Amino acid sequence: MSAAGGAERPQVVSHVQQALSYTVFDCKWVPRSARLLCLGSAARGTGLVQLYELHGGRLELLREIEKPKPIKCGTFGATSLQQRYLATGDFDGNLNIWNLEAPEIPVYSVKGHKEIINSIDGVGGLGIGEGAPEIVTGSRDGTVKVWDPRQKDTPVANMEPVQGESKRDCWTVAFGNAYNQEERVVCAGYDNGDIKLFDLKTMSLRWETNIKNGVCSVEFDRKDINMNKLVATSLEGKFHVFDMRTQHPTKGFASVSEKAQKSTIWQVRHLPQNRDVFMTSGGSGSLHLWKYEYPAQRSKKDSEGSELGVAGSVSLLQNVTLSTQPISSLDWSPDKKGLCVCGAFDQTVRVLIVTKLNKI
């Protein structure tokens, strides 16, 4: 593992930190604004959404919205830039979409799952990705469901264990391959180490593998391009980068793995302005900034003449420890390169600035 030269290495600077009076599960930048959201669970068991605005070196609380059930996850991915509606998954299995200007009643609501919604992602909104605006939810009930907010009550796709197969807790979901009107995939990671890639065009399981450890987070480097790379993080400090360009008939996708730390890697987030740079957040309260290097050739022919992918390598650009507790959520600003927000179980939200990203 090589590190970039000292002077040119990016630095991760803690810009603002704000103590919270509740457990924060997710943080999100509001697109095209200096605002961010914290989603979580209040001590009395209700759900909270807090909207903050960044003013120089401080965060100003603009609005606090309380809901009956703790909120686990949120996304803006299926909304327009004009509306900027927030979709959330809660501890009761409800998928709600909120207009933050008038948050009393959701603009869309469905009892999506029998148990907690652990993870949510959106595509087709914000001008990112072709095709209909859709939301995917993954739940402890073992199912992964895709929703079109224009269609009430029933999901457009439902990926559940087949008859006789034991249900696994789905911890993470992500959209990818949405580069035209027809193509779209969902990747899901489960508590037993399974990673499954569902093709929404053919409504079939396109690929599956197992990384032998609970899968905490999956993310494509971009949702709106031909599948390129996928990062999956695990319960025991390892992450895997899969090259998704070449699928071998029996060996699947080539991958490289890296042991980042001893503790859980809770999340991975790719830098919106450079798909080869990504940040992982850890159970030890640390953040690691990585860069992926492509091999000289991304594929080769095997002895049978089939194309086989070739994985690249990963180098650590920087790491920093910010908290004594796990950093469970992370979001890059889509608008300002290097601006980042993270939430940790020490009940603190931190706004970070990562410098020198244009030098790598």
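Residues numbered from 1 in each chain as written. Predicted model: local features only at pLDDT ≥ 70, side-chain atom pairs only at ≥ 80, totals over all residues. Heavy atoms only, no water.

In the annotation of an unreviewed UniProt entry, the protein chain is listed under the name Dynein axonemal assembly factor 10 and assigned to Alaudala cheleensis. Checking UniProt for the protein chain, the heading Subcellular location (unreviewed entry) contains the comment "Dynein axonemal particle". On record in UniProt, under Function (unreviewed entry), the comment for the protein chain is "Key assembly factor specifically required for the stability of axonemal dynein heavy chains in cytoplasm." (UniProt positions renumbered as here; feature names shortened; annotations may be inferred.)

> Would you mind showing me how to read the overall build of the protein chain here?
A count of helices and strands for the protein chain gives 0 helices and 30 strands. Relative to the 2.2 N^0.38 estimate, which gives 21 Å for 360 residues, the radius of gyration of the protein chain is 19 Å and therefore close to what a compact globule would have. Oriented by its inertia axes, the alpha-carbon framework of the protein chain measures out at about 60 × 55 × 35 Å. For the protein chain, the residues scored as buried account for 57% of the 360 residues in total. With the model as given, the accessible surface of the protein chain reaches about 15000 Å², and the carbon-plus-sulfur share is 46%. (Helix = DSSP H or I, 4+ residues; strand = E, 2+ residues; numbered from the N terminus. Rg over C-alpha atoms; globule rule 2.2 N^0.38 Å. Buried < 20%, exposed > 50% of the residue type's maximum accessible area, 1.4 Å probe, protein only. Areas by Shrake-Rupley, 256 points an atom, 1.4 Å probe, with all protein chains shown as cover.)

> Sorry, what's going on with the sheet that holds strand E9 (residues 108-111) here?
Neighbouring strands of a sheet are bound in pairs by backbone hydrogen bonds; such pairs are parallel or else antiparallel. Pairing is antiparallel in the open sheet, where 4 strands are placed in the order E6-E7-E8-E9. Of all the strands in the sheet, the pair left with one neighbour each is strand E6 (71-75) and E9. Averaged over all adjacent pairs, the angle separating strand axes in this sheet is 20°, with direction ignored. The pairing of E6 with strand E7 (residues 86-90) spans 4 bridges and is antiparallel. Considered in E7, the bridge of Ile71 is made with Asp90. (Pairing = 2+ DSSP bridges. Axes fitted to C-alpha atoms, helices over the stretch in contact; angles between N-to-C directions.)

> I'm lost on the sheet that holds strand E30 (residues 348-354) in this one. Help?
The sheet built from 4 strands is open, its strands ordered E1-E30-E29-E28 with antiparallel pairing. In this open sheet, the two strands that pair with only one neighbour each are strand E1 (12-19) and strand E28 (327-332). Neighbour to neighbour, the strand axes of the sheet diverge by 20° on average, direction disregarded. Bridge count between strand E29 (residues 339-344) and E30: 6 bridges; the pairing is antiparallel.

> Would you mind showing me how to read the environment of Gly176 here?
By the element assignment, Gly176 lies in strand E14 (residues 170-176). Residue classification places Gly176 among the buried positions, given a relative accessible area of 0%. Setting aside anything within four residues of it in sequence, one finds Gly176 in contact with Arg184, Val185, Phe220 and Lys223. (Contact = heavy atoms within 4.5 Å.)

> Would you mind showing me how to read the UniProt feature "repeat: WD" (unreviewed entry) in the protein chain here?
Within this numbering scheme, the UniProt entry marks residues 135-148 as carrying the feature "repeat: WD" (unreviewed entry). Along residues 135-148, the helical share is 0% and the strand share 64%, with 6 Å between the first and last C-alpha atoms.

> How should the packing of aromatic side chains be read in this particular structure?
The relative placement of two aromatic rings is captured by the distance of their centres and the angle of their planes. This model, assessed by the stated rule, comprises 8 aromatic pairs. A ring pair is formed by Phe25 and Phe345, whose centres lie 6.3 Å apart and whose planes are at 80°; its orientation type is edge-to-face. Within this pair, whereas Phe25 is found in strand E2 (residues 23-29), its partner Phe345 is found in the loop between E29 and E30, the two being separated by 320 residues in sequence. Taking 4.9 Å as the distance between ring centres and 85° as the angle between the ring planes, the aromatic pair formed by Trp207 and Phe253 counts as edge-to-face. Residue Trp207 is found in strand E17 (residues 204-210), and its partner Phe253 is found in the loop between strand E20 (238-243) and strand E21 (255-259); the two are separated by 46 residues along the sequence. There is no split in this pair, since Trp207 and Phe253 are both buried. Between Arg184 and the ring centre of Phe175, over which it is positioned, the NZ or CZ distance is 5.8 Å. (Phe/Tyr/Trp six-rings, centres within 6.5 Å; stacked < 30°, edge-to-face > 60°. Lys NZ or Arg CZ within 6 Å of the ring centre and 35° of its normal.)

> What's the story with the environment of Lys145 in this structure? I'm lost.
By the element assignment, Lys145 lies in strand E12 (residues 144-147). On a C-alpha basis, the gap between Lys145 and Val123 in space is 14 Å, while along the polypeptide they are 22 residues apart. Excluding residues that lie within four positions of it along the chain, Lys145 makes contacts with Gly112, His113, Ile135, Val136, Thr137, Pro155, Ala157 and Asn158. Polar contacts involving the side chain of Lys145 include one to the main-chain carbonyl oxygen of Gly112, which spans 2.8 Å. (Polar contact = N/O pair within 3.5 Å; in protein donor to acceptor, adjacent residues only side chain to side chain.)

> What exactly am I supposed to notice about the pairing of strand E15 (residues 185-190) here?
A regular strand places its side chains so that they alternate between the two faces of the sheet. With respect to burial, E15 is a largely interior element, 6 of its 6 residues being buried. As defined by bridge partners, E14 adjoins E15 across 6 bridges and the pair is classed as antiparallel. Across the sheet, Thr172 pairs through a bridge with Gly189, a residue of E15. Two strands pair when backbone bridges link them, and E15 and strand E16 (residues 194-199) are joined in this way by 5 bridges, in the antiparallel orientation. Each residue of the ladder has a partner; that of Cys187, found in E16, is Leu197. From the end of E15 to the start of E16, which pair antiparallel, there are 3 residues, and Gly193 there has a positive phi angle of about 95°.

> I would appreciate a short explanation of a positive patch on the surface in the present structure.
Taken together, the side chains of Lys212, Lys238, Lys259 and Lys262 make up a positively charged region of the molecular surface. In this fold, Lys212 is placed in the loop between E17 and strand E18 (215-220). Owing to a relative accessible area of 72%, Lys212 belongs among the exposed residues under this scheme. (Patch = residues over 30% accessible without salt bridge, like charges linked within 9 Å, V, L, I, M, F, W, Y side chains within 5 Å. Salt bridge = Lys/Arg side-chain N within 4 Å of Asp/Glu carboxyl O. Lys, Arg positive; Asp, Glu negative; His and termini not counted. Charge placed at Lys NZ, Arg CZ, Asp CG, Glu CD.)

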